[in-house]
Amino acid sequence: MSKTVDDLTQGETGIIKNYTSKGEIAKRLKEMGVVSGTSIELKGKAPLGYPIEVRIQGFNLALRKDEAQAIELE
């Protein structure tokens, strides 16, 4: 199983390999700059674990659990 954004620890970075979601979620991720080869950093998680805050292409983004688990890293 591939490592996902959900597996990162605070401050850790990864390179986006792919995302496994389809339909509206995939379209939304692509529109937000989640594309292959892009660096992504986990900034923090809410007290219950979600949403999570990531930094991608110079801006911070909040992701839901299913979105974070769909983004595979190299």
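As the structure is a computational prediction, the values presented were derived from the model and not from experiment. (Residues numbered from 1 in each chain as written. Predicted model: local features only at pLDDT ≥ 70, side-chain atom pairs only at ≥ 80, totals over all residues. Heavy atoms only, no water.)

Attention now goes to the overall build of the protein chain. Helices and strands together make up the secondary structure of the protein chain, namely 2 helices and 5 strands. Ordered by position from the N terminus, the helices and strands of the protein chain form the series β-α-β-β-β-α-β. On the principal axes, the C-alpha backbone points of the protein chain span a range of 30 × 30 × 20 Å. Considering the protein chain as a whole, with its 74 residues, one finds that 39% of them fall into the buried category. In the protein chain, the share of contacts with a sequence separation of at least 24, taken over all contacts with a separation of at least 6, comes to 57%. As displayed, the protein chain has an accessible area near 4400 Å², and 50% of this comes from carbon and sulfur atoms. Computed over 11 positive and 11 negative side-chain charges, the separation of the two mean positions in the protein chain equals 2 Å. (Helix = DSSP H or I, 4+ residues; strand = E, 2+ residues; numbered from the N terminus. Buried < 20%, exposed > 50% of the residue type's maximum accessible area, 1.4 Å probe, protein only. Contact = heavy atoms within 4.5 Å. Areas by Shrake-Rupley, 256 points an atom, 1.4 Å probe, with all protein chains shown as cover. Lys, Arg positive; Asp, Glu negative; His and termini not counted. Charge placed at Lys NZ, Arg CZ, Asp CG, Glu CD.)

Within a sheet, each strand pairs with its neighbour through backbone hydrogen bonds, oriented either parallel or antiparallel. Taken in spatial order, the 5 strands line up as β4-β3-β2-β1-β5 in an open sheet, and their pairing is antiparallel. With partners counted over all chains shown, the strands left at the sheet margins are β4 (59–63) and β5 (71–73), one partner each. Averaged over all pairs of adjacent strands, the angle between their axes in this sheet comes to 50°, without regard to strand direction. Sheet analysis places strand β1 (residues 13–19) next to β5, joined by 3 bridges and oriented antiparallel. Across the sheet, Y19 pairs through a bridge with I71, a residue of β5. (Pairing = 2+ DSSP bridges. Axes fitted to C-alpha atoms, helices over the stretch in contact; angles between N-to-C directions.)

Here we come to unusual backbone geometry. Even without a glycine there, the phi angle at Q57 is positive, about 50°. Here Q57 lies in the loop between β3 (52–56) and β4.

If you walk through the whole model with that rule in mind, you get 4 salt bridges. Among the salt bridges present, the one from E12 reaches K3, with a minimum N-O distance of 2.8 Å. As a salt-bridge pair, R64 and E67 come within 3.8 Å of each other at their nearest N and O atoms. Since its relative accessible area comes to 1%, E67 is described here as buried. Through salt bridges with shared partners, one network takes in R28, R64 and E67. (Salt bridge = Lys/Arg side-chain N within 4 Å of Asp/Glu carboxyl O.)

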